[in-house]
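Inside the fold
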Amino acid sequence: HPDFSKYNKNISVDNWKVILKGLYEELGIRIFVHNGRAFNKDSIKIIEYIRETLPESKIGIIDNGLTLYPYIDQLKHVYPDWIDISIDGMEIEHDTQRNKKGVFTKAVNAILDIKKSKISSKLSVLTCLTSINVESILEMILFFNEKGIHNFFISPVSVLKNQRPSEALKVDKITFNRLIERIFKKLSDLNNVFIEISIFDPDYLTLLSEENKGRFNKFEWNYDHFLWKITSEENEFSVSYYPLSLDGIREFVVNCDGNIFLPKMMAKKNIGEHEKIGSLLTNKPGKLIHNFYKSESFNFYLDHFFEEKSYLCNIKEKL
């Protein structure tokens, strides 16, 4: 939300150090992702702390490429395990989706300089799929692959009811399946790529099942998600469905104010108390999680579990 920063203030670097150490020691978390899309001096200090103080940790960064760019030299010493740069289609579509002209060109220059700097062993393009950019996604993959980028992660826009973003941004059934078909047909022409379309809402799974039953029947259960995968020589393309009800075993999201909040709540400018699991400034992570399972907020996962079950049962009946 444009006003998110007004209602969610940043905690200090020292506070972050205490929180991160607690997550590491009490919950056994070993993978940390900086996902603010606004990299700054505090970000560097926090990531340096993880690398120097919390052994065995892996560090990922998600950024638009622009806020990260001034810190390339400092990141050489941290050497993040991976960096994802958010690019939403080709120039017109990306600039339209970001509502700012010229940011695509800046992002391209940034990602190429980041690649050249070799500050991470893995560099990926991360894309939010919408009705604005869906027709330019394959062109974007070809464009960046020619420039030496090999990893692409695409997620259809996820909508929180009565909040941002608009339902109009969701991709329709025919267009969604056409994109999958176009990538599938072009796969052998690409150079050493890994492409994943990551689905988090069951309605997109319904779109797949209605348009291509044969392909849908090839989905397999893979630990915490459904997976359809195809390989062509050195290239791999997969479509994965990650149930939101299982989000809690994949991700542990800490807001900039130290609160743990439920999935999708970042779409709001002001997150309600019932949408928070609790604050790590005043609670030990182990105790907080133990109490969460008994709280009203846990119903969020139960509600989504039953919703997903309903979708999957309807799909099964139609197959």
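A quick note: this is a predicted structure, and the numbers were derived from the prediction, not measured.

Regarding the confidence of the model for the chain
Counting all residues, the mean pLDDT for the chain is 93, and 100% of those residues have values of 70 or more. Mean pLDDT values for the elements of the chain range from 84 in helix α10 (residues 213–216) up to 98 in helix α7 (residues 137–146).

Notes on the pairing of strand β4 (residues 123–129)
For β4, the buried fraction is high: six of the seven residues fall into the buried class. Sheet topology note: the strand β3 (residues 82–86)/β4 ladder contains four bridges and is parallel. Each bridged residue has a counterpart across the sheet, and for Ser-86 the counterpart in β4 is Leu-126. Of the pairings in the sheet, the one linking β4 to strand β5 (residues 151–156) comprises six bridges and is parallel in character. From the neighbouring strand, Thr-127 faces β5, where its bridge partner is Ile-154. Chirality of the crossover, the property in question, places the unit of β4, α7 and β5 among those that are right-handed.

Side note on α7
For α7, the full list of buried residues reads Ile-137, Leu-138, Met-140, Ile-141, Phe-144 and Asn-145. Looking down the long axis of α7, one finds its buried residues gathered within 155° of arc, a one-sided arrangement. Looking at the buried positions of α7, the neighbouring elements they touch are α6 (103–117), β4, β5, α8 (173–186) and β6 (194–199). Immediately downstream of α7, the backbone of Gly-148 shows phi near 95°, a positive value.

Structural notes on the packing of helix α2 (residues 13–26) against helix α3 (residues 41–53)
Contact geometry of α2 with α3 gives a least axis separation of 10 Å together with a crossing angle of 30°. Put simply, α2 runs roughly parallel to α3. Note that α2 runs across α3; the crossing there is right-handed. Touching Val-13, Trp-16, Lys-17, Leu-20 and Lys-21 of α2 are Asp-42, Lys-45, Ile-46, Tyr-49 and Ile-50, all from α3. The residue inventory of the contact of α2 with α3, partitioned by class, reads six nonpolar, no polar and four charged.

A short note on the pattern of salt bridges
One pass over the full model with this rule turns up 17 salt bridges. Linking Lys-173 and Glu-210 is a salt bridge whose minimum nitrogen-to-oxygen distance equals 3.6 Å. Note that Lys-173 is positioned in helix α8 and Glu-210 in helix α9 (residues 202–211), a separation of 37 residues in sequence. When its relative accessible area of 28% is taken as the criterion, Lys-173 is described as partly exposed. With a shortest N-O distance of 2.8 Å, Glu-181 and Arg-215 are connected by a salt bridge. Remark: Arg-215 occurs in helix α10 and Glu-181 occurs in helix α8; sequence separation between them is 34 residues. The class of Glu-181 is partly exposed, set by a relative accessible area of 25%.

What about the nonpolar core?
By size, the foremost hydrophobic cluster in this structure holds 86 residues, and its most contacted members are Phe-144, Phe-176 and Ile-195. In terms of residue count, α2 provides more of this core than any other element does, six residues in total. Setting aside anything within four residues of it in sequence, one finds Phe-144 in contact with Ile-87, Phe-104, Val-108, Ile-111, Val-125, Ile-149 and Phe-152.

Side note on the environment of Ala-107
Counting through the fold element by element, Ala-107 comes out in helix α6. C-alpha of Ala-107 to C-alpha of Asn-235: the two residues are 128 residues apart in sequence and 25 Å apart in space. Once you skip the residues sitting within four places of it in the chain, Ala-107 turns out to touch Asn-64, Leu-66 and Ile-87.

Details of the packing of aromatic side chains
As enumerated under the stated definition, the model contains 19 aromatic pairs in all. Ring plane angle 55° and centroid distance 6.4 Å describe the contact between Phe-184 and Trp-228, whose orientation is recorded as tilted. Of the two residues, Phe-184 is situated in helix α8 and Trp-228 in strand β8 (residues 225–232); the sequence distance between them amounts to 44 residues. The exposure class of Trp-228 is buried, given its relative accessible area of 5%. Plain terms: the ring middles of Phe-226 and Tyr-241 are 6.2 Å apart, the flat faces sit at 15° to each other, and that makes the pair stacked. Pair noted here: Phe-226 is in strand β8 and Tyr-241 is in strand β9 (residues 235–241), with a separation of 15 residues, a long-range link. Judged by relative accessible area, Tyr-241 falls into the buried class, the value being 0%. A cation over an aromatic ring shows up here: Arg-30 above the ring of Tyr-24, its NZ or CZ 3.6 Å from the ring centre. The ring of Phe-184 is capped by Arg-215, whose NZ or CZ atom sits 5.2 Å from the centre of that ring.

Cut-offs used in this document
- Residues numbered from 1 in each chain as written.
- Predicted model: local features only at pLDDT ≥ 70, side-chain atom pairs only at ≥ 80, totals over all residues.
- Heavy atoms only, no water.
- pLDDT = per-residue confidence, 0-100.
- Helix = DSSP H or I, 4+ residues; strand = E, 2+ residues; numbered from the N terminus.
- Buried < 20%, exposed > 50% of the residue type's maximum accessible area, 1.4 Å probe, protein only.
- Pairing = 2+ DSSP bridges.
- Right-handed = clockwise from strand over helix to strand, strands pointing away.
- Arc of directions from axis to C-beta.
- Contact = heavy atoms within 4.5 Å.
- Axes fitted to C-alpha atoms, helices over the stretch in contact; angles between N-to-C directions.
- Parallel < 35°, antiparallel > 145°, perpendicular 65-115°, else oblique.
- Left-handed = near helix turned anticlockwise from the far one by under 90°.
- Nonpolar A, V, L, I, M, F, W, Y, C, P; charged D, E, K, R; others polar.
- Salt bridge = Lys/Arg side-chain N within 4 Å of Asp/Glu carboxyl O.
- Core = buried A, V, L, I, M, F, W, Y, C linked by side-chain atoms within 4.5 Å.
- Phe/Tyr/Trp six-rings, centres within 6.5 Å; stacked < 30°, edge-to-face > 60°.
- Lys NZ or Arg CZ within 6 Å of the ring centre and 35° of its normal.

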